[in-house]
Amino acid sequence: MSVELMVWDEPVPISRDQARATYLAVKRTPPVDGEVPDVAKELPGEVTLYPGHVLVSMDLDTMDETSAQVLTVARAHGLVCYDPQRDLVHNVAPLGVYEGMQLHTGDGMIVHDPDLGLVHDVLATLSAQNPFVALVNFGRHFLQVSPGYELEYKEGTLIRTMVPELEEVQAAFNEYATGDRSFLSRHEWAS
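Residues numbered from 1 in each chain as written. Predicted model: local features only at pLDDT ≥ 70, side-chain atom pairs only at ≥ 80, totals over all residues. Heavy atoms only, no water.

Asks: Can you walk me through the nonpolar core in this structure?
Replies: As a rule of thumb, soluble globular proteins bury nonpolar side chains together. Leu103, Leu151 and Phe173 are the most contacted members of the largest nonpolar core, which has 45 residues in total. In terms of residue count, helix α5 (residues 166-177) provides more of this core than any other element does, 6 residues in total. The contact partners of Phe173, leaving out residues within four places of it in the chain, are Val119, Leu123, Val133, Ala134, Leu135, Leu143, Gln144, Val145 and Leu151. Judged by nonpolar contacts, the second largest core, of 11 residues, contains Trp8, Tyr23, Val26 and Tyr82. (Core = buried A, V, L, I, M, F, W, Y, C linked by side-chain atoms within 4.5 Å. Buried < 20%, exposed > 50% of the residue type's maximum accessible area, 1.4 Å probe, protein only. Helix = DSSP H or I, 4+ residues; strand = E, 2+ residues; numbered from the N terminus. Contact = heavy atoms within 4.5 Å.)

Following this line, the structure appears as structure tokens:
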């Protein structure tokens, strides 16, 4: 079994719905032969060219490692990357304020310097198959959430709180990523 990622250029960040529609439209067209673009030469996995788009296929066993490499190459070239298995789009921007921040998920995804739209969308995937989402600034602080919306924040001392709705979790993660700590005063936290 193989999995896929598709990369292409977009002038502005796009939504997950737009990325999905583009991916599906491109997959309905035949691949093209010809000169391989430089970015395609840098991508790991099996590369298939479509007009203006590059499809990367990879083994399920190496998906996490290969996906990370594809995301790194796409970001370096300013390209959008769509993950149809997770139905997530990786835009180039906007980013959080912490250089080197990492997004970790319970289903194995690790993204360095994730865009804020991706963080928002990933939080909606919390489930038994994806039991946590964390934004980590190694050696400094982190914010994570598990199903049921238990938030944990650590900057020195680990504190926890329960929040009632996904929208509040998404707001807290956005604030954290942008350097705003308003989420800390909106909830009662316990050690």
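Here the narrative resumes.
Asks: Would you mind showing me how to read the pairing of strand β2 (residues 46-50) here?
Replies: On a regular strand, one side chain projects to one face of the sheet and the next to the other, so that they alternate. For β2 and strand β3 (residues 53-59), the ladder comprises 5 bridges, and the chain directions are antiparallel. Of the residues in β3, the one forming a bridge with Tyr50 is His53. Hairpin connection of β2 to β3: 2 residues between the antiparallel strands, including Gly52 at a positive phi of 75 degrees. (Pairing = 2+ DSSP bridges.)

Asks: Please explain the pairing of β3 as it appears in this structure.
Replies: The element β3 is extensively covered by neighbouring structure, given that 6 of its 7 residues are classed as buried. Here 7 bridges tie strand β1 (residues 2-8) to β3, and the two strands are oriented antiparallel to one another. In the strand pairing of β3, Val3 is matched with Met58.

Asks: How should I be thinking about the environment of Gly34 in this particular structure?
Replies: Inspection of the secondary structure puts Gly34 in the loop between α1 (16-27) and α2 (38-42). As a C-alpha pair, Gly34 and Leu49 span 15 residues in sequence and 8.8 Å in three-dimensional space.

Asks: Whenever I open this one, the side chain of Glu168 confuses me. Can you help?
Replies: Relative to the elements of secondary structure, Glu168 occurs in helix α5. Overall, Glu168 belongs to the buried group, its relative accessible area being 19%. Looking at Glu168, its side chain comes within polar contact range of the side chain of Arg186, at 2.8 Å. (Polar contact = N/O pair within 3.5 Å; in protein donor to acceptor, adjacent residues only side chain to side chain.)

Function cannot be inferred from these measures alone, as they are strictly geometric.
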